[in-house]
Amino acid sequence: MERFVIEGGHRLSGSIKPSGNKNAALPLLAATLLTNHEVVLHNIPQIGDVAAMIGLLERLGARVERRGSHSWSICAADVGAAEPDPALARKIRASVLLAGPLLARRGFAAIPRPGGDMIGRRRLDTHLNALRDLGAAIEVTPTAYMLHAERLRGADLFLDEMSVTGTEQAIMAAVFAEGDTVISNAASEPHVQDLCHFLNRLGARIEGIGTNRLFIQGVSSLRGGEYTIGPDFMEVASFIGLAAVTRSSLRIVDARPSEHRMTRIAFGRLGVSWRDEGDDIVVPADQELCIRDDVHNAIPKIDSSPWPGFNPDLISIAIVVATQARGTILIWEKMFESRLFFVDRLISMGARIVLCDPHRVVVVGPSQLYGEPDGLPSPDIRAGMALLLAALCAQGRSVIYNIGQIDRGYERIDERLRTLGAHIERVR
């Protein structure tokens with residue numbers, strides 16, 4: 001099993017470019033099933049989750065060809081199957097996004113229960129309720145979801161939560177539904193916007209992009225086309241946190257600063273600042289990380305919320321940054337009840353953290369972190385990246401196991417960090 005061996009305590013410097021948005025690449029790949037024509041997608045990250053989704057498309061009968069290091073051509077004209085490979089589907093959460101396209105295209109889909117990070121219960125009710133409202137009959141078994149629909153019909157949908165993948169599922173099914181569909185309480189993250197813009201380029205009719213109310217006029221077919229996805233804003237924020245905890249100066253190239261207004265507010269409570277230079281974000285070295293109390297010296301908090309709020313995937317990064325900031329802060333992850341359990345690893349490294357309950361931690365800093373040579377297991381993508389940041393700012397040597405979790409979401413992260421001066425090696 002591969003692992004990262006890290007020597008912490010070294011300054012970094014230079015420029016780094018974020019990979020394409022993982023959470024845009026996966027639904028866009030699923031959406032290629034909606035057309036019989038060739039689609040070319042650019043800026044697709046070379047990560048484990050993408051490889052699994054491409055494998056699922058190939059086994060369904062799609063023709064998939066690589067067009068350079070980060071571009072793929074997909075043609076689903078010969079797709080005949082409606083049952084994704086169960087072993088591959090269980091590797092990633094996004095495999096469930098094949099339901100809407102297959103249902104719209106074939107009238108039937110048998111979707112295995114998806115995999116993904118084990119960060120608590122990850123309900124699919126929003127997906128299934130939306131598909132039912134569009135006309136699907138659904139049978140739930142212990143291992144799969146069987147969906148049937150002779151014809152999908154437009155509907156006035158009000159999602160029971162702002163689920164990103166639930167919104168994407170509804171969008172892809174509604175594109176071919178007869179008549180008009182309204183999706184209210186919709187998620188509006190950049191990757192949801194990418195999906196809508198991509199489908200419109202192929203001939204879909206989606207309005208309200210970027211808002212919480214989408215209007216979709218059903219069409220009978222889609223054409224082919226090309227699309228370039230945007231940068232992964234989770235990766236951008238991770239690099240901002242990396243610069244802060246290692247007291248380094250980093251330039252993050254093509255970072256779409258406009259997507260980081262809430263990141264600036266949340267990280268600003270920890271004393272982290274940066275400047276925008278065009279499309280780049282420049283984080284200065286030697287920042288005095290000091291937690292900014294609320295009015296009347298009240299203890300501040302960072303909490304997760306739907307876009308444009310602070311993304312729950314960044315909570316793990318914020319916790320590590322907080323360990324290096326002077327003061328006390330409450331960090332509240334409102335969505336997933338198992339995401340914060342990784343903090344026991346930070347505590348073993350020297351962090352002063354109180355795990356209040358499955359959703360809240362109190363962090364008191366700054367703490368001198370010390371390496372963990374006996375090993376830190378990576379429990380999920382984001383916690384794995386957070387532990388990597390902790391190891392890079394810690395004194396001494398650390399080993400991180402189960403790095404396949406990190407590879408699922410961060411492309412060649414060890415190679416890219418070495419170009420900045422990080423002392424990190426991938427070993428077997």
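Description of the structure in this document. (Residues numbered from 1 in each chain as written. Predicted model: local features only at pLDDT ≥ 70, side-chain atom pairs only at ≥ 80, totals over all residues. Heavy atoms only, no water.)

Observations regarding the sheet that holds strand 8 (residues 144–148)
Move 1: Strand order across the open sheet formed by 3 strands is 6-8-7, with antiparallel pairing between neighbours. Strands with a single pairing partner mark the edges of an open sheet, and in this sheet they are strand 6 (108–112) and strand 7 (137–140). Strand after strand, the sheet turns through a mean of 15° between neighbouring axes, direction not considered.
Move 2: Of the strand pairs in this sheet, strand 7 and strand 8 are connected by 4 bridges, and their pairing is antiparallel. Directly across from Val140, in strand 8, lies its bridge partner Tyr145.
Move 3: Its contacts with the sheet place helix 4 (residues 99–106) against strand 6 and strand 8, and it is angled at close to 160° to strand 6. (Pairing = 2+ DSSP bridges. Helix = DSSP H or I, 4+ residues; strand = E, 2+ residues; numbered from the N terminus. Axes fitted to C-alpha atoms, helices over the stretch in contact; angles between N-to-C directions. Contact = heavy atoms within 4.5 Å.)

A closer look at the pattern of salt bridges
Should their charged atoms come close, side chains of opposite charge can pair.
Move 1: Applying the stated criterion across every chain yields a total of 32 salt bridges.
Move 2: Across the salt bridge formed by Arg426 and Glu2, the nearest N and O atoms sit 3.0 Å from each other. One end of the pair, Arg426, is in strand 23 (residues 423–427); the other, Glu2, is in the segment before strand 1 (3–7), and 424 residues separate them in sequence.
Move 3: Its relative accessible area of 25% is what places Glu2 among the partly exposed residues.
Move 4: Within the structure, one salt-bridge network assembled from shared partners comprises Glu2, Asp407, Asp414, Arg418, Glu425, Arg426 and Arg428. (Salt bridge = Lys/Arg side-chain N within 4 Å of Asp/Glu carboxyl O. Buried < 20%, exposed > 50% of the residue type's maximum accessible area, 1.4 Å probe, protein only.)

Remarks on empty space enclosed by the protein
Empty space among the atoms becomes visible once a probe the size of a water molecule is rolled across them.
Move 1: Applying the stated rule across the entire model yields 1 cavity of 30 Å³ or more.
Move 2: Of the volumes computed, that of the largest cavity is approximately 30 Å³.
Move 3: For the largest cavity, the full set of lining residues is Val96, Ala99, Ile111, His127, Leu128, Leu131, Tyr145, Leu147 and Gln169.
Move 4: Among the elements that line the lining of the largest cavity, the one with the most residues is helix 5 (residues 125–133), at 3 residues.
Move 5: A class-by-class count of the residues in the lining of the largest cavity yields 7 nonpolar, 2 polar and no charged. (1 Å grid on protein atoms, 1.4 Å probe; cavity = no way out; pocket = protein on both sides within 12 Å on 5 of 7 lines; lining within 4 Å. Points joined across faces, edges and corners; volume = space filled by probe spheres on them. Nonpolar A, V, L, I, M, F, W, Y, C, P; charged D, E, K, R; others polar.)

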